[in-house]
Amino acid sequence: MIKSALLLTIALLTALALAACNGETAPAHSPGGWGYSGPGAPDKWASLSDDYRACGEGMAQSPVNIAGYAPGDAAPVAFHYPGMSTSARNNGHTIYLDYEPGNGISVGARNYTLLGIHFHSPAEHTLDGESFTAELHLVHQDDSANLAVVALLFRAGVPSSIVSALLDAAPEVGETVDLEPGAKAAAFIPAQLGYYGYNGSLTTPPCTEGVRWLVMREIGTVSPEQAAKMQKLTGGPNNRPVQPLGRRTISIIAGPP
Ligand SMILES: [Zn+2]
């Protein structure tokens, strides 16, 4: 009786371990899936699946080193963020805060709805060659499924309350927790709304292009403890290296007057 209970326990634990290595819930270092080191490292993403071919063949990939920028004529960004996050997820690659429709950004006549917020540490974009400690991505989508991602960069310094909101909500790998109350979306709006704008891609497989990037010019700070906690949650660094800018240009867009 005791022996069969033990065998059942072992079988259950094995099933759980296998589930944790599968697809979207794969830890950042898992064999077989994509990640940030080892056989699933970023330079191998394109070879892992036909669906990931853009990661290797794409000509407009993200992140990039932001340099050689010039004033552009794109519209300023406006944030409309009245809501709160409804749940937090840990897919082994990062922690996501999920938002119900009702929050969004406008860039000129185009409106994008906030889907969720997640982090990378170290940061993915660099600025004039400078690397940063962390980066938040505020992922938005319009009615035609076009994506616009707002990136917030952080240097090492005093702790960030918005990064704490993400870290405090973090569940275990593969889990989702309901948040009651969730993190206020408005807390993520930077004080200065100037940004670097360019066209790029998702920074994770399938590396889909056609993503409008708005990298905010205001740089925040995170504490060394927060950076260590981010990397502990994701099993190590979760940043894709910078990709060639190619023929693309980067514009500086001022905040609203
Ligand atoms: Zn991201």
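Residues numbered from 1 in each chain as written. Predicted model: local features only at pLDDT ≥ 70, side-chain atom pairs only at ≥ 80, totals over all residues. Heavy atoms only, no water.

A separate point is the overall build of the protein. Broken down by element type, the protein carries five helices and 14 strands. Within the span of the protein, comprising 257 residues, buried residues form 44% of the whole. Long-range contacts, defined as pairs at least 24 residues apart, comprise 68% of the intrachain contacts of the protein with a sequence gap of at least 6. In the form shown here, the protein has an accessible surface area of approximately 12600 Å², with 58% of it arising from carbon and sulfur atoms. (Helix = DSSP H or I, 4+ residues; strand = E, 2+ residues; numbered from the N terminus. Buried < 20%, exposed > 50% of the residue type's maximum accessible area, 1.4 Å probe, protein only. Contact = heavy atoms within 4.5 Å. Areas by Shrake-Rupley, 256 points an atom, 1.4 Å probe, with all protein chains shown as cover.)

Taken as a whole, helix α4 (residues 161-169) has its buried residues at Ile 162, Val 163, Leu 166, Leu 167 and Ala 169. Between the side-chain oxygen at the start of α4 and the backbone nitrogen of Ile 162 there is a gap of 3.3 Å, and the oxygen is on Ser 160. (Polar contact = N/O pair within 3.5 Å; in protein donor to acceptor, adjacent residues only side chain to side chain.)

Binding of the zinc ion to the protein goes through His 118 (NE2), His 120 (NE2) and His 137 (ND1), at separations of 2.0 to 2.1 Å. Considered as a linear motif, the donors of the zinc ion on their single chain read H-x1-H-x16-H. Taken as a pair, His 120 in strand β7 (residues 110-120) and His 137 in strand β9 (residues 134-141) lie far apart in primary sequence, 17 residues in all. His 120 sits in the buried class, given a relative accessible area of 1%. (Donors = N, O, S within 2.8 Å, 3.2 Å for Na, K, Ca; no water.)

Now for the pairing of strand β10 (residues 147-156). The buried count for β10 comes to eight of 10 residues, which makes it a mostly enclosed element. Here β9 runs beside β10; their pairing, made up of eight bridges, is antiparallel. For Glu 135, the partnering residue across the bridge sits in β10 and is Leu 153. Counted along the chain from β9 to the antiparallel partner β10, the turn is five residues long, and its residue Ala 145 has a positive phi close to 70°. (Pairing = 2+ DSSP bridges.)

All told, the structure shown has five salt bridges when counted by the stated rule. Across the salt bridge formed by Glu 130 and Arg 155, the nearest N and O atoms sit 3.1 Å from each other. Here Glu 130, found in the loop between β8 (126-127) and β9, pairs with Arg 155, found in strand β10; they are 25 residues apart in sequence, far enough to count as distant. A relative accessible area of 32% means that Glu 130 is categorised as partly exposed. Look at Arg 155 and you get partly exposed, because its relative accessible area is 36%. (Salt bridge = Lys/Arg side-chain N within 4 Å of Asp/Glu carboxyl O.)

One covalent bond between the sulfur atoms of two cysteine residues makes up a disulfide. Counted by the stated rule, this structure contains one disulfide. Through a disulfide, Cys 55 is tied to Cys 207; the S-S separation comes to 2.1 Å. Handedness of the Cys 55-Cys 207 disulfide follows from its S-S torsion of about 95°: it is right-handed. Within this pair, whereas Cys 55 is found in helix α3 (residues 54-57), its partner Cys 207 is found in the loop between β12 (195-201) and β13 (209-222), the two being separated by 152 residues in sequence. (Disulfide = S-S within 2.5 Å.)

The subject of this paragraph is the packing of α4 against helix α5 (residues 224-233). At a minimum axis separation of 11 Å, α4 and α5 run at an interaxial angle of 35°. Regarding α4 and α5, the two cross each other, and that crossing is left-handed. Mapping the contact onto sequence places Val 163, Ser 164, Leu 167 and Asp 168 in α4 and Gln 226, Lys 229, Met 230 and Leu 233 in α5. Of the residues belonging to the contact of α4 with α5, the class tally is four nonpolar, two polar and two charged. (Axes fitted to C-alpha atoms, helices over the stretch in contact; angles between N-to-C directions. Left-handed = near helix turned anticlockwise from the far one by under 90°. Nonpolar A, V, L, I, M, F, W, Y, C, P; charged D, E, K, R; others polar.)

Our next topic: the confidence of the model for the protein. A low pLDDT score tells you not to read the predicted coordinates there in detail. Scored by pLDDT, the protein comes out at a mean of 89, with 88% of its residues at no less than 70. Per-residue pLDDT stays below 50 along residues 6-31; that stretch engages in 24 contacts with residues further than four places along the chain or on separate chains. (pLDDT = per-residue confidence, 0-100.)

On to the environment of Ile 219, then. Relative to the helices and strands, Ile 219 is located in strand β13. For the pair Ile 219 and Glu 135, spaced 84 residues apart in sequence, the C-alpha to C-alpha distance is 9.7 Å. In this structure, Ile 219 is in contact with Leu 127, Phe 132, Leu 153, Phe 154 and Arg 155, ignoring residues within four places of it in sequence.

Before going further, it helps to examine the layout of surface pockets. Taken as a whole, the largest pocket holds about 450 Å³ of empty space. In terms of residue count, the dominant contributor to the lining of the largest pocket is β7 (five residues). A per-class count over the lining of the largest pocket returns 12 nonpolar, 10 polar and three charged. (1 Å grid on protein atoms, 1.4 Å probe; cavity = no way out; pocket = protein on both sides within 12 Å on 5 of 7 lines; lining within 4 Å. Points joined across faces, edges and corners; volume = space filled by probe spheres on them.)

What follows concerns unusual backbone geometry. Here Ser 62 and Pro 63 are connected by a cis peptide whose omega angle stands at 0°. Each neighbour pair has its own omega, and for Pro 205 with Pro 206 the value is 10°, a cis peptide bond. Along the chain, Pro 206 falls in the loop between β12 and β13. A positive phi angle, close to 70°, is found at Ala 145, a residue other than glycine. Relative to the helices and strands, Ala 145 resides in the loop between β9 and β10. On the basis of relative accessibility, which here comes to 47%, the residue Ala 145 falls in the partly exposed class. If you check the backbone angles, Cys 207 has positive phi at about 60° while not being a glycine. The exposure class assigned to Cys 207 is buried, which follows from its relative accessible area of 0%.

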